[in-house]
Amino acid sequence: MTWANFYLACFALGFIFSVLSFLLGGFRWHLPHALGGGHVHAGPHVHVSHAGGKVGSGRVEAPLLNPVSLAAFLAWFGGVGYLLSRFSSLWFVVGLGIALLSGVSGAGIIYLFLSRVLMSEEEYLDPEDYDMVGVLGRISMPIRETGTGELIYSQAGTRRTCGARAENGGAIAKGTEVVVTRYEKGIAYVRLWTEMAGEETK
């Protein structure tokens, strides 16, 4: 097999694989961890952060080494290499280096375009990012005994509000920091942050 045929085969394989990857959603496939794939795993245990929100949920990110990037590398590497081998008099080692550099550059451009432009952050938000249990917030309207007040909190970068009741049915003053222990029918049942923090330090 000549170098021209080798480059042409790489280009054809990369082009076909690129088309199939886009059609089948291949950019979301995960390769084995040994190849740099995988995803961020969010553990089931929720830790409360004093700064607000929850610690323990992960945002899924596309691995650098993924099918679309590999396909783009093959296509650019093969295409540039084929053109150089057929229409230039460069020494094959120099042509191979240029083809490799072109393949890496092409794969990088495609990866950045897909990850920064086509893949919005919201598309890969973990459902746990919207789980109310463990959310730290502040009472914006006081909760009377066995009554309902209002909770203000931050979630997914947005400030939100919802109805709130004390988990023990007691009263909670305005401005008190609380933690959501359960969420039912649009109502957050909360406990004092100081109580939760005290239990975690024991």
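Rules of the game
- Residues numbered from 1 in each chain as written.
- Predicted model: local features only at pLDDT ≥ 70, side-chain atom pairs only at ≥ 80, totals over all residues.
- Heavy atoms only, no water.
- Helix = DSSP H or I, 4+ residues; strand = E, 2+ residues; numbered from the N terminus.
- Buried < 20%, exposed > 50% of the residue type's maximum accessible area, 1.4 Å probe, protein only.
- Contact = heavy atoms within 4.5 Å.
- Areas by Shrake-Rupley, 256 points an atom, 1.4 Å probe, with all protein chains shown as cover.
- Salt bridge = Lys/Arg side-chain N within 4 Å of Asp/Glu carboxyl O.
- Pairing = 2+ DSSP bridges.
- Axes fitted to C-alpha atoms, helices over the stretch in contact; angles between N-to-C directions.
- pLDDT = per-residue confidence, 0-100.
- Phe/Tyr/Trp six-rings, centres within 6.5 Å; stacked < 30°, edge-to-face > 60°.
- Lys NZ or Arg CZ within 6 Å of the ring centre and 35° of its normal.
- Polar contact = N/O pair within 3.5 Å; in protein donor to acceptor, adjacent residues only side chain to side chain.
- Core = buried A, V, L, I, M, F, W, Y, C linked by side-chain atoms within 4.5 Å.

Draft legend 1. Just the overall build of the chain, in detail. In terms of helices and strands, the chain carries 4 helices and 7 strands. For the chain, the N- to C-terminal ordering of α and β elements is α-β-β-α-α-β-β-β-β-β-α. When burial is assessed residue by residue, the chain has 35% of its 202 residues classed as buried. Excluding contacts between residues fewer than 6 apart, the proportion of contacts in the chain whose partners are at least 24 apart in sequence is 60%. Carbon and sulfur atoms form 63% of the exposed surface of the chain, whose accessible area is close to 12,300 Å².

Draft legend 2. Geometry of the pattern of salt bridges. Counting across every chain of the model gives 4 salt bridges. Across the pair Arg182 and Glu184 runs a salt bridge, and its minimum N-O distance is 3.0 Å. When its relative accessible area of 29% is taken as the criterion, Arg182 is described as partly exposed. Glu184 sits in the partly exposed class, given a relative accessible area of 39%.

Draft legend 3. Layout of the sheet that holds strand E7 (residues 187-192). If you walk around this closed barrel you meet the 5 strands as E3-E4-E5-E7-E6, and the pairing is mixed. Across the sheet, the mean angle from the axis of one strand to that of its neighbour is 55°, orientation sign disregarded. As judged from the 6 bridges shared by strand E6 (residues 177-184) and E7, these two strands associate in the antiparallel manner. Paired with Val179 across the strands is Arg191, a residue of E7.

Draft legend 4. Spatial organisation of the confidence of the model for the chain. Per-residue confidence for the chain gives a mean pLDDT of 75; residues scoring 70 or more make up 70%. Per-residue pLDDT stays below 50 along residues 26-60; that stretch engages in 74 contacts with residues further than four places along the chain or on separate chains.

Draft legend 5. Expanded view of the packing of aromatic side chains. Tallying each qualifying case throughout the model produces 5 aromatic pairs. Between Phe6 and Phe77 the ring centres are 6.2 Å apart and the planes differ by 80°, which places this aromatic pair in the edge-to-face class. On the criterion of sequence distance, the pair formed by Phe6 in helix H1 (residues 3-24) and Phe77 in helix H2 (residues 67-87) is long-range, its members being 71 residues apart. Aromatic side chains Phe73 and Phe77 sit 5.7 Å apart centroid to centroid with 5° between the ring planes, which places their arrangement in the stacked category. Residue Phe73 and its partner Phe77 are located together in helix H2, separated by 4 residues, close to a single helical turn. Here the aromatic residues Phe6, Tyr7, Phe73 and Phe77 are joined through ring pairs into a cluster of three or more. Taking NZ or CZ as reference, Arg182 lies 3.8 Å from the ring centre of Tyr189, over its face.

Draft legend 6. Geometry of the pairing of strand E3 (residues 136-141). Across 3 bridges, the pairing between E3 and E6 is antiparallel. Its bridge partner lying in E6, Arg138 is registered against Glu177. Looking at chain direction, E3 and strand E4 (residues 149-155) are connected through 4 bridges and run antiparallel. By the bridge assignment, Arg138 is partnered in E4 with Ile152.

Draft legend 7. Fine view of the environment of Ser140. Tracing the chain through its elements places Ser140 in strand E3. Along the chain, Ser140 and Ala164 lie 24 residues apart, while their C-alpha atoms are 9.7 Å from each other. Not counting chain neighbours up to four residues away, the residues in contact with Ser140 comprise Glu150, Leu151, Ile152 and Lys174. One polar contact links Ser140 to Glu150, side chain to side chain, over a distance of 2.7 Å.

Draft legend 8. Layout of the nonpolar core. By size, the foremost hydrophobic cluster in this structure holds 14 residues, and its most contacted members are Ile139, Leu151, Ile172, Val180, Ala188 and Val190. Contributions of two or more residues to this core are made by E4, strand E5 (158-166), E6 and E7. Sort the elements by how many residues they give to this core and E5 lands first, with 3 residues. Apart from the residues within four sequence positions on either side, Ile172 is in contact with Ile139, Pro142, Ile143, Ala166, Val178, Val190 and Leu192. One finds Leu136, Val179, Trp193 and Met196 within the second-largest nonpolar core, a separate group that totals 5 residues.

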